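The residues making up each chain are set out below.
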Amino acid sequence: MVGGGDGGHRGRWWVTEMEVAECGLWSLKKSPDVFCGSRRSHRMWYVVVGEVAGVANGHRVMTVSPRYDQYKDAWDTEVEIEVKAGDKTEKVRFFHCYKRGVDRVFVDHPMFLEKVWGKTTSKIYGPIAGIDYQDNQIRFSLLCQAALEAPRVLDLNSNEYFSGPYGEEVVFIANDWHTALVPCYLKTMYQSMGMYTSAKVAYCIHNIAYQGRFAFSDFALLNLPDEFKSSFDFIDGWVNKYEKPVKGRKINWMKAAILESHKILTVSPYYAQELVSGPDKGVELDNILRKTTVQGIVNGMDVQEWNPMTDKYTTVKFDATTVMSAKPLIKEALQAEVGLPVDKKIPVIGFIGRLEEQKGSDILAAAIPEFIGNDVQIIVLGTGKKAMEKQLDDLEIEYPQKARGVAKFNVKLAHMIIAGADFIIVPSRFEPCGLIQLQAMPYGCVPIVASTGGLVDTVKEGYTGFQMGAFNVECETVDPADVSAIAKTVTRALAVYGTPAFSEMIQNCMAQELSWKVKTCQEVGGRSFEFGVEGSEAGIDGEEIAPLAKENVATP
Ligand SMILES: Nc1ncnc2c1ncn2[C@@H]1O[C@H](COP(=O)(O)OP(=O)(O)O[C@H]2O[C@H](CO)[C@@H](O)[C@H](O)[C@H]2O)[C@@H](O)[C@H]1O
Ligand SMILES: OC[C@H]1O[C@H](O[C@H]2[C@H](O)[C@@H](O)[C@@H](O[C@H]3[C@H](O)[C@@H](O)[C@@H](O)O[C@@H]3CO)O[C@@H]2CO)[C@H](O)[C@@H](O)[C@@H]1O
């Protein structure tokens, strides 16, 4: 029996797609994280994972992340464990808070906190973008070991429905390459010793561009038996293209996670298809992924932060009935804020994102001269590569009456753009899911997107936005065909602006429910997330909703 209680439902291993979809703690500054959870219904114990949506179904849910910062409200549990760190032993400590129905656990060690003291956003993985900390493998090995210990050693009594440690009847959802050792250590450190015998691991790919490739000799740092070597073993297919961090044979953390986990997930169905389509979109792990099934589940978004009725950054609040009168007022405030001519009639296009090849800001910069002759303004907000930040400065110099580039991470301005702009442009070369288009639509800000990844799944041509077609994924060049696709689609969108068809699109965008809450089994086709063991079928919806759910559903 999983945890004991009903005597007849041993080994029930399922989570709904909704719960699995909650597997990224992205609201917490993009830290890698591992989720685990267990749940007791009125008739059985079983285990599911997921964050807020998991809680909404009455599950006991924990997130485990590095303690990169002195997170508000997260207190020292005084629980300390010893873990292996290369050839040393290190002590790590757990901090904890209970928020929105979820036990948030932070793994404390100087390797996390000292490196990113007080400023977590830009120094999580290395001193500067593109450069890794030398000890990243040790750091994330610690995280993985701590995540496996947390459910066993933390005596958490956060609410009246659950008490004590989570125990061993758990499912771990591991996100990004940093958590790839979870399935490996689960086998070598626990299951081989009769612990966590029924625990499972689902591994979620948020971006296959980052795989955790390291020198082959670094395998020795991981404290894994030699039989795992083949799962990590990796040789670049495109000789001389990827020489980082060394030429030739490497270990590849993500490859191992794909091979060692029970289930592979990603953040949208279309991205799941792209991942197995070939080496360019599967970034040379397509062959490994084709050996398994990758299940894509579209991300939900934080509907508390992105709500036009309660947005703390905008002076005018609105909903679908007032959008047409509110948006022009916010647009004027936005134009004034960035120093563009104030005119509510001019259509405004926004871009918000990392300035890297993935997001296509360089393609956009090349396309702007081709459509800026229209009656339009464009505001580009982003940080990243210096050369791309300079493109923003140049934009402003070239088109002072029409374009603004803001090379800052500015949450307030991001909200003002989403609320005040008429369109959000997302010209990504590749985009596993994309959050910005999700955040924009509830504000009636119509997306103009490249046809890739989650942008295909979430934006319907002519209904909730405009599709530009798929772009060339080659990052070294700006393909003139993509420049032209942007210019043509923007011109097409501008022709619809101000017409009844555009008002209809705004309403279609705003009518959608884009939170995690509604990602029910039924909505995604009645499929549940099964581990293929006895009793793994989905439960009857509604039957097992615990009272906890009603109290702790995070979304309004
Ligand atoms: N300069 C700035 N100022 C203020 N806010 C800014 C900003 N730049 C970016 N943001 C905000 O940061 C968030 C980034 O979300 P993305 O979907 O673009 O994630 P990212 O590509 O980093 O991660 C990966 O993981 C996520 C989650 O799975 C996938 O959606 C995505 O496709 C994949 O690449 C958005 O909410 C955006 O508004
Ligand atoms: O939000 C953007 C992405 O954030 C994460 O990606 C980070 C990645 O996991 C880190 O390893 C690191 O990547 C660097 C890489 O290790 C290094 O060899 C070099 O190629 O530069 C890379 C960029 O600095 O930083 C990435 C963030 O920039 C997350 O894993 C992804 O899912 C997100 O899309």
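Naming follows an unreviewed UniProt entry, where the protein chain appears as Granule-bound starch synthase 1, chloroplastic/amyloplastic of Centaurea solstitialis. UniProt, in its Pathway (unreviewed entry) section for the protein chain, records the words "Glycan biosynthesis; starch biosynthesis." The protein chain has a UniProt comment under Sequence similarities (unreviewed entry) that states "Belongs to the glycosyltransferase 1 family. Bacterial/plant glycogen synthase subfamily."

> Can you walk me through the packing of aromatic side chains in this structure?
Centre-to-centre distance and the angle between the planes together describe a pair of aromatic rings. Under the counting rule described, the total for this entry stands at 17 aromatic pairs. Where Y71 meets F106, the ring centres are 4.6 Å apart and the plane angle is 40°; that geometry is what we call tilted. Of this pair, Y71 sits in the loop between strand 4 (60–66) and strand 5 (75–85) while F106 sits in strand 7 (residues 102–108), placing them 35 residues apart in sequence. A single burial state applies to Y71 and to F106, both of which are buried. Here the aromatic rings of F112 and F140 are separated by 6.5 Å at their centres, their planes lie at 40°, and the arrangement is tilted. Of this pair, F112 sits in helix 3 (residues 110–113) while F140 sits in helix 4 (residues 136–153); the two residues are 28 residues apart in sequence, bridging distant segments of the chain. The same class applies to F112 and to F140, which are both buried. Three or more aromatic residues joined by ring pairs make a cluster, and in this case those are Y68, F112, Y125, F140, W177, F214 and W253. The ring of F216 carries R249 above its face, with NZ or CZ at 3.9 Å from the centroid.

> Hey, could you run me through the pairing of strand 7 in this one?
Consecutive residues of a regular strand have side chains that alternate between opposite faces of the sheet. With 7 of its 7 residues buried, strand 7 lies for the most part within the structure. Where burial is concerned, the two faces of strand 7 agree: the one with V102, R104, F106 and D108 and the one with D103, V105 and V107 are both buried. Bridge count between strand 4 and strand 7: 5 bridges; the pairing is parallel. Bridged to S65 within strand 7 is F106. Of the pairings in the sheet, the one linking strand 6 (residues 88–99) to strand 7 comprises 7 bridges and is antiparallel in character. Residue pairing in the sheet places Y98 in a bridge with D103 of strand 7. Hairpin connection from strand 6 to strand 7: 2 residues lie between these consecutive antiparallel strands, with R100 at a positive phi of about 50°.

> Can you walk me through the sheet that holds strand 18 (residues 423–426) in this structure?
Strands pair in a sheet through their backbones, by hydrogen bonds, and they do so in one of two ways: parallel or antiparallel. Read across the sheet, 6 strands follow the order 17-16-15-18-19-20 without closing on themselves; strand pairing throughout is parallel. The open sheet is flanked by strand 17 (403–406) and strand 20 (466–467), the only strands paired with a single partner. Here strand 15 (residues 348–352) pairs with strand 18 via 2 bridges, running parallel. Across the sheet, the residue bridging to I349 is F423, located in strand 18. Its contacts with the sheet put helix 11 (residues 361–371) on strand 15, strand 16 (377–381) and strand 18, and the angle it makes with strand 16 is roughly 165°.

> Help me understand the pairing of strand 13 (residues 263–266) in this model?
Summarising the sheet, strand 9 (residues 200–205) and strand 13 pair through 4 bridges and their orientation is parallel. When the sheet's bridge partners are listed, A202 is paired in strand 13 with K263. With 3 bridges connecting them, strand 13 and strand 14 (residues 294–296) associate as parallel partners. Counterpart to T266 in the pairing with strand 14 is G296.

> I tried to follow the site of ligand 1 on my own but got confused; where do I start?
Every one of the 24 residues lining ligand 1 counts as a neighbour, but H206, R354, K359, E431 and G434 are closest to it. Side-chain polar atom of R354 to an oxygen atom of ligand 1: 2.8 Å apart, as the coordinates give it. Out of a free accessible area of 710 Å², ligand 1 has 90% covered by protein chains.

The rules behind each value
Residues numbered from 1 in each chain as written. Chains lettered and ligands numbered in written order. Predicted model: local features only at pLDDT ≥ 70, side-chain atom pairs only at ≥ 80, totals over all residues. Heavy atoms only, no water. UniProt positions renumbered as here; feature names shortened; annotations may be inferred. Phe/Tyr/Trp six-rings, centres within 6.5 Å; stacked < 30°, edge-to-face > 60°. Helix = DSSP H or I, 4+ residues; strand = E, 2+ residues; numbered from the N terminus. Buried < 20%, exposed > 50% of the residue type's maximum accessible area, 1.4 Å probe, protein only. Lys NZ or Arg CZ within 6 Å of the ring centre and 35° of its normal. Pairing = 2+ DSSP bridges. Contact = heavy atoms within 4.5 Å. Axes fitted to C-alpha atoms, helices over the stretch in contact; angles between N-to-C directions. Near = heavy atom within 4 Å. Polar contact = N/O pair within 3.5 Å; in protein donor to acceptor, adjacent residues only side chain to side chain. Areas by Shrake-Rupley, 256 points an atom, 1.4 Å probe, with all protein chains shown as cover.

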